Amino acid sequence: MADQLRYDGKVVIVTGAGNGLGRQHALMFGARGAHVVVNDLGGNIHGGGKSSAAADKVVEEIKALGGKAVANYDSVEDGASIVKTAVDAFGTVDIVINNAGILRDTSFHKMTVDDWNLIVRVHLNGSFAVSHAAWPIMRDKGYGRIVMTTSAAGIYGNFGQANYSAAKLALVGLANTLAQEGRSKNVHVNTIAPIAGSRLTETVLPPELIEALKPEYVSPLVGWLCHEDCRETGGLFEVGAGYHAKLRWERTRGHSFKLGRGFGPDEVAKNWSKIVDFKDGEYPTNINESMAPLLTNMNSKSLGGNEFIDLDEASRSEVTLESSYDQRDLALYALGVGAASNPLDDKELAYVNELKGDKFYALPTYAVMPPMNAMLALAKEGKQPVKGFNFGFERVLHGEQYTEIKLPLAPKGKLKSTFRMKAAYDKAPNAVVIMAVSTTDESGEEVAYNEITTFVRGAGGWGGDRGPSQEVNVPPAREPDAVVEEKTDPSQALLYRLSGDWNPLHVDPAFAKAFGFDKPILHGLCTYGHVGRHVIKAFLDNDPRRFKSIKVRFAESVFPGETLVTRMWKESETRIVFETKVKERDKVVIKGAAVELYEQVPQRKPAAKAVAAASAPVAAGGPVSADVFGAIGKHLAANKGLGDQIKTVFQFQLKSPDSSWYLDLKSGDGAVKQGNAAAADVTLELSEEDFIAMSTGKADPNKLYFGGKMKVSGNVMASQKLGFLQKLDPKLLEDAVKARAGAAPAAAATPAAAVPSGPNSADIFAAIGKHLATAKGLGDQVKTLFQFKLTGPDSSWHLDMKSGDGSVKPGDAANPDVTLELSEEDFVAMSTGKADPNKLYFGGKMKVSGNVMASQKLGFLQKLDPKLLEDAVKARSSGAAPAAKAQAAAAPAAAKSGRGAEVFAALQKKVSGGKVGCGLQGQILRFNLKAPEATWLVDFSGKTPKVEQGAAGEAHAVFGIADDDLVALAKGEAQIRDLYQRGKLRVDGDVKLAQELSLLDKLI
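Quantities reported herein were computed from a predicted structural model and do not represent experimental measurements. (Residues numbered from 1 in each chain as written. Predicted model: local features only at pLDDT ≥ 70, side-chain atom pairs only at ≥ 80, totals over all residues. Heavy atoms only, no water.)

Student: Which residues make up the overall build of the protein, and what values do they have?
Tutor: What the protein contains, in helices and strands, is 34 helices and 33 strands. Burial statistics for the protein: of 1004 residues in total, 45% are counted as buried. Contacts spanning at least 24 positions in sequence make up 70% of the contacts within the protein whose residues lie at least 6 apart. For the protein, the accessible surface area stands at approximately 50500 Å², while carbon and sulfur atoms represent 53% of it. (Helix = DSSP H or I, 4+ residues; strand = E, 2+ residues; numbered from the N terminus. Buried < 20%, exposed > 50% of the residue type's maximum accessible area, 1.4 Å probe, protein only. Contact = heavy atoms within 4.5 Å. Areas by Shrake-Rupley, 256 points an atom, 1.4 Å probe, with all protein chains shown as cover.)

Below, the structure is given as structure tokens:
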């Protein structure tokens, strides 16, 4: 072959070349123009004997092929003599294949010293000797290729081969080091782990397997690794029976014990699951990458801690827990903290009667409940929200609590609470930890902030800071400005626990006695809610919206049925200090306490974009309130005399965005007008969104009213007369939307909105049916019945390809030959070429049962015309636009555009001006960018440096980096070392070239 890889004039030494792999290597090189030194001692597989026959025979075979070869009969331990033979015969050495080997297999307890030494001498010392003798020649000429031969026994271990395994793995280490030392001199060193039929394997493998594992299936890899075009060095490859694969080291992320803090076997045992977890493994390729986590750990001193509190882990930990609440939760909590004990007190009813609409308030202290209940849910599982807190629920007491209200809580919502450790204090023998919790609503805006201070018994003693000791919020030495006295109910704890605090200390008498209490105690946070109410009642007239924050220290326990006396001192218009006692025992139970107030009710940040979107006159977004009232006007015009029947004026006050409308149905035909009526009989207040949902039948008016979403004032019963709107013709609203937006007729617009985002399984099977109809006789060729069982959504299909043309049918076949089970998503991806069937199968995403080999016959689907699938999608979408437009309409937002091109354009300009360091002369660098993905090649090997995007070719170093981090480097805002140590810069190949990336500094 004219275009085959050649080795003309190259001098190759192959050790152990008289038989098996070595012979095949020698023949291959000889047939492709190389001058070959055929080395073989001529002994048996156990190292005994000596003969020249084997080497001479291979030399003759090479010469018969037209090649040049000489024999050498020395032991590989005399590497210098073997290399001398090459130099004397051919003048140099270019390639060394260290293949020679013997076996002395025996179990370790039977192994002799001679068994061990002989194996090490031949495999390890022999490979060293030949390579060491050839090394100076290769270095001086600036070219060389060396291949070491290891074994699966060396990589993985094998019973009865301790000597052989040790020597073979040692060769991997030798090759890795030589690859680094030889790289700059163009001397490449790689290692193969072959499995092939030979004298060394015929004693351990069955004859039929030996026949399949021909040496001819190994030599091609050796040939490529030794060719001058191959840039691979330091690689380890498994090869045999046509299979070729590169191996790499993988290690777990592990666990680092911070230095400066003692640890022993117990700590190792406790962290064992992390030490051995490969879930998020990493792949070090050199000693620098190997040392990175060690150096990182050396540079970070432990914060301290012990078995109960790991301050290092806790300081890094952050977890977000989700929760939700509604009006029922708020009312139940309010009852649990004593609100509305007088059911005739209208101001107290504001906390428990959700029908009050916007006068229904959440007690501010409820803001502690979502994160606290999330913590309690974890406690049931024996977990803590902050990693590094390893103490149990039985050790803790709630010491202090701080809650800050960023916005008044809505009547219901979905929240996210993010926990982190704020501080930990060593109060030896005990400890105090403070958790900071930020809570956000569905919009992402922070609505509350909590600090939960916990006293942990027996968890101190690590020698840490004891924390602040001074008293805070001390009441002044004068009479209080206000006093509230309230007797708790004997069943108060039983009621409060329904809000989520299930701790048996508050409900189980036996449990309470075990902890030294005569009876169950009241929850500390129940007392917290009581005293918060006391301040609101005394200073805010029971309107909690200006309540900003509350901080307390829990000094003593309270028993249900006891009387709380809260004494309050007003320090300023926005600050109240207070203290709470139990009247019956004259004990201070809450101290160091204060409440802060807002000067004005805090308002949510304006959502300008959301409002604009809601009110924008775009037909595709659906109707707006103006459309609904326009349709009502048309309805009144078509249904004369409705005013005479209804005799009512309805006022609508809408929010988000704000607007006012009224229906004057006092008499006559009635009228619809924008603005406020002079004298409305009934007023309905609700959001624009809920009004539209109610008017289009998507929301029940009663549910809106009783759910607190619609407030009705005036003649409430008159609102029932709006039932006439249920007879509103939907086409009136459709016409109003079209008139506002100037839209095309509905018949033309609807199909465009219905265009699917891509094919589904039904489209694919329809396309297969079309294919079978045009490709006659496929059933006679395939002779198989395929069953497909899809999930998400579930469906069943079968291809009857037993005979004839074949057919596609939904449902289950009676007796399928092979059944494939996978998700709809994976099936579509596989059928459109976006997923590899083998990867789905071996990755556990596709289950194949029955005649597994028959599934290979589905290869005929690769000939499926893509237009058949495109037509099927269009047919399903009922006259959709052409596929290209449909795909454009369904396409996701454009991917982020990177600035890599800008950086490399600046680099081209810089290097074109001759600004290149000597360390880059002759080097080729590849940059693989992420987010977005792109590839750039920077070539300094020619006279003029070149910078090309997407260019092919080998590189001396490959850098993996995100586009943003590349830009940061180019701006001088990031350092190479920092990015590398933090795993943001990956370097493959010559790591030292990473130092030359300073070339990018301040490019832009």
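Anyway, onward from the coordinates.
Student: An account of a nonpolar patch on the surface is requested, with residue identities and associated values reported.
Tutor: Among the surface-exposed residues, Leu 259, Ile 287, Met 291, Leu 294, Leu 295 and Met 298 lie close enough to one another that they form a single nonpolar patch of about 550 Å² accessible area. Along the chain, Leu 294 turns up in helix H11 (residues 287-298). With relative accessibility at 44%, the residue Leu 294 sits in the partly exposed group. (Patch = residues over 30% accessible without salt bridge, like charges linked within 9 Å, V, L, I, M, F, W, Y side chains within 5 Å. Salt bridge = Lys/Arg side-chain N within 4 Å of Asp/Glu carboxyl O.)

Student: Mind laying out the nonpolar core, listing which residues take part and the relevant values?
Tutor: When a protein is soluble and globular, its nonpolar side chains tend to lie buried together. Grouped together as the largest cluster of nonpolar side chains are 76 residues, with contacts concentrated most on Ile 309, Tyr 351, Phe 389, Ile 550, Val 552, Phe 578 and Ile 590. Sequence-distant contacts of Ile 590, that is, excluding residues within four places in its chain, are made with Thr 527, Val 531, Val 552, Arg 553, Phe 554, Phe 578, Glu 579 and Thr 580. Formed by 35 residues, the second largest nonpolar core is a distinct cluster that contains Ala 970, Tyr 980, Ala 994 and Leu 997. (Core = buried A, V, L, I, M, F, W, Y, C linked by side-chain atoms within 4.5 Å.)

Student: Account for the sheet that holds strand E5 (residues 144-149), naming residues and giving values.
Tutor: What holds strands together in a sheet is hydrogen bonding between their backbones, with the strands either parallel or antiparallel. Taking strand neighbours across the sheet as the criterion, the eight strands line up as E3-E2-E1-E4-E5-E6-E7-E8 in an open arrangement whose pairing is mixed. Of all strands in the sheet, those bounded by a partner on one side alone are strand E3 (68-72) and strand E8 (243-247). Between one strand and the next, the sheet's axes are offset by a mean angle of 20°, whatever the strand orientation. In terms of strand pairing, strand E1 (residues 11-14) meets strand E2 (residues 35-39) through four bridges, oriented parallel. Its bridge partner lying in E2, Val 14 is registered against Val 38. Helix H3 (residues 79-90) contacts E1, E2 and E3 of the sheet and is inclined by roughly 150° relative to E3. (Pairing = 2+ DSSP bridges. Axes fitted to C-alpha atoms, helices over the stretch in contact; angles between N-to-C directions.)

Student: Please give an account of the sheet that holds strand E33 (residues 985-989) that cites residues and values.
Tutor: The five strands are arranged E31-E30-E29-E32-E33 in an open sheet whose pairing can be described as mixed. Looking at the sheet topology across the chains shown, the edges are occupied by strand E31 (946-949) and E33. With direction set aside, neighbouring strand axes in the sheet form an average angle of 20°. In this structure, strand E29 (residues 924-930) lies alongside strand E32 (residues 957-962), joined through six bridges in parallel fashion. Paired with Arg 926 across the two strands is Val 958, which belongs to E32. On top of the sheet, helix H33 (residues 963-971) reaches E29 and E32; it is set at about 100° to E32, its chief contact.

Student: Any chance you could break down the confidence of the model for the protein for me, citing the residues and the numbers?
Tutor: Averaged over the protein, the pLDDT score is 85; the fraction of residues at 70 or greater is 89%. A low-confidence stretch, residues 608-620 (pLDDT under 50), is modelled with twelve contacts involving residues beyond four sequence positions or located in other chains. Segment residues 879-895: pLDDT under 50, and twelve contacts once partners within four positions in sequence are set aside and those in other chains are kept. (pLDDT = per-residue confidence, 0-100.)

Student: Can you explain the packing of helix H26 (residues 761-774) against helix H28 (residues 824-831)? Please cite residues and give values.
Tutor: Between two packed helices, both the angle of their axes relative to each other and the distance between the axes serve to describe the pair. Contact geometry of H26 with H28 gives a least axis separation of 9 Å together with a crossing angle of 40°. Comparing the axis directions of H26 and H28 gives the class oblique. The element H26 and its partner H28 pack so that their crossing is left-handed. Two secondary-structure elements touch here, H26 through Ser 761, Ile 764 and Phe 765 and H28 through Glu 824, Phe 827, Val 828 and Ser 831. (Parallel < 35°, antiparallel > 145°, perpendicular 65-115°, else oblique. Left-handed = near helix turned anticlockwise from the far one by under 90°.)

Student: I'd like a description of the environment of Ser 438, backed by residues and values.
Tutor: Tracing the sequence through the fold places Ser 438 in strand E12 (residues 430-440). Classification of Ser 438 as partly exposed rests on a relative accessible area of 23%. In sequence terms Ser 438 and Glu 404 are 34 residues apart; their C-alpha atoms lie 9.7 Å from each other. Apart from residues lying up to four places away in sequence, Ser 438 is in contact with Lys 416, Ser 417, Thr 418, Glu 446, Ala 448 and Tyr 449. Looking at Ser 438, its side chain comes within polar contact range of the side chain of Glu 446, at 2.7 Å. (Polar contact = N/O pair within 3.5 Å; in protein donor to acceptor, adjacent residues only side chain to side chain.)

Student: Quick rundown of H3? Include the residues and the values.
Tutor: Look at H3: 17 Å from first C-alpha to last across twelve residues, which is about the 16 Å you get at 1.5 Å a residue. In the core, the buried residues of H3 are packed alongside E1, E2, E3 and helix H4 (113-141). Just beyond H3, the residue with positive phi is Gly 91, at close to 95°. (Expected span 1.5 Å × (residues − 1).)

Student: So what's going on with the packing of helix H20 (residues 625-638) against helix H22 (residues 688-695)? Residues and values would help.
Tutor: At a closest axis distance of 9 Å, the pairing of H20 and H22 adopts a crossing angle of 35°. With respect to the hand of their crossing, H20 and H22 are arranged in left-handed fashion. Judged by residue contacts, Ser 625, Val 628 and Phe 629 of H20 engage Glu 688, Phe 691, Ile 692 and Ser 695 from H22. Class assignment for the residues of the contact of H20 with H22 results in four nonpolar, two polar and one charged. (Nonpolar A, V, L, I, M, F, W, Y, C, P; charged D, E, K, R; others polar.)

Student: Would you mind going over the environment of Gly 67 in detail, with residue names and values included?
Tutor: Inspection of the secondary structure puts Gly 67 in the loop between helix H2 (53-64) and E3. Linking Gly 67 and Gly 33, residues 34 residues apart in sequence, is a C-alpha distance of 6.3 Å. Gly 67 has contacts with Gly 30 and Ile 62, leaving out every residue within four places of it along the chain.

Student: Outline the pattern of salt bridges, listing residues and values.
Tutor: Tallied over the full model, the rule gives 43 salt bridges. The partner of Glu 228 in a salt bridge is Lys 10, with the nearest N and O atoms 3.7 Å apart. Taken together, the positions of Glu 228 in the loop between helix H8 (219-225) and strand E7 (236-240) and Lys 10 in the segment before E1 put the pair 218 residues apart, joining distant regions of the chain. For Glu 445, the salt bridge identified is with Arg 604, shortest N-O distance 3.3 Å. Within this pair, whereas Glu 445 is found in the loop between E12 and strand E13 (446-456), its partner Arg 604 is found in the loop between strand E18 (587-597) and helix H19 (608-615), the two being separated by 159 residues in sequence. Put simply, Arg 251, Arg 253, Asp 280 and Glu 282 are held in one network by salt bridges that share partners.

Student: Tell me about the side chain of Arg 533, and name the residues and values.
Tutor: Structurally, the position occupied by Arg 533 is in helix H18 (residues 524-539). Of the residues examined, Arg 533 reaches a relative accessible area of 7% and is grouped as buried. A distance of 2.8 Å separates a polar atom in the side chain of Arg 533 from the backbone oxygen of Val 337.

Student: Account for the pairing of E12, with residues named and values stated.
Tutor: Burial within E12 is extensive, with ten of its eleven residues counted as buried. Bridge analysis of strand E11 (residues 413-427) against E12 gives eleven bridges, and the strand direction is antiparallel. Opposite Tyr 425, over in E12, you have Val 432 as the bridge partner. Between E12 and E13, which follow one another and run antiparallel, lie five residues, and Gly 444 among them has a positive phi close to 90°.

Student: Go over the pairing of E18 with me, naming the residues and quoting the values.
Tutor: Bridging between strand E15 (residues 547-554) and E18 involves six bridges; their strand directions are antiparallel. In the sheet register, Ile 550 faces E18, and the bridge partner there is Val 595. Pairing analysis gives seven bridges linking strand E17 (residues 575-582) to E18, with the strands arranged antiparallel. Following the sheet pairing, Lys 581 is matched in E18 by Val 588. Here E17 folds back onto E18 in antiparallel fashion, the turn holding four residues, of which Asp 586 has a positive phi close to 50°.

Student: Break down the packing of aromatic side chains for me, with residues and values.
Tutor: Tallied over the full model, the rule gives 20 aromatic pairs. Summarising the aromatic geometry, the rings of Phe 629 and Phe 652 are spaced 5.5 Å apart at their centres and angled 70° between planes, so their arrangement reads as edge-to-face. Of this pair, Phe 629 sits in helix H20 while Phe 652 sits in strand E19 (residues 648-655), and the two are 23 residues apart along the sequence. Measuring from ring centre to ring centre gives 4.7 Å for Phe 765 and Trp 797, while their planes differ by 10°; the resulting arrangement is stacked. Residue Phe 765 is found in helix H26, and its partner Trp 797 is found in strand E25 (residues 795-801); the two are separated by 32 residues along the sequence. In this structure Trp 797 comes out as buried when scored by relative accessible area, which is 16%. (Phe/Tyr/Trp six-rings, centres within 6.5 Å; stacked < 30°, edge-to-face > 60°.)

Student: Account for the side chain of Ser 660, with residues named and values stated.
Tutor: Looking at the secondary structure, you find Ser 660 in strand E20 (residues 659-665). A distance of 2.6 Å separates a polar atom in the side chain of Ser 660 from a polar atom in the side chain of Gln 653. A polar atom in the side chain of Ser 660 sits 3.4 Å from the side chain of Asn 676. In contact with Ser 660, other than residues within four places in its own chain, are Gln 651, Phe 652, Gln 653, Gln 674, Gly 675 and Asn 676.

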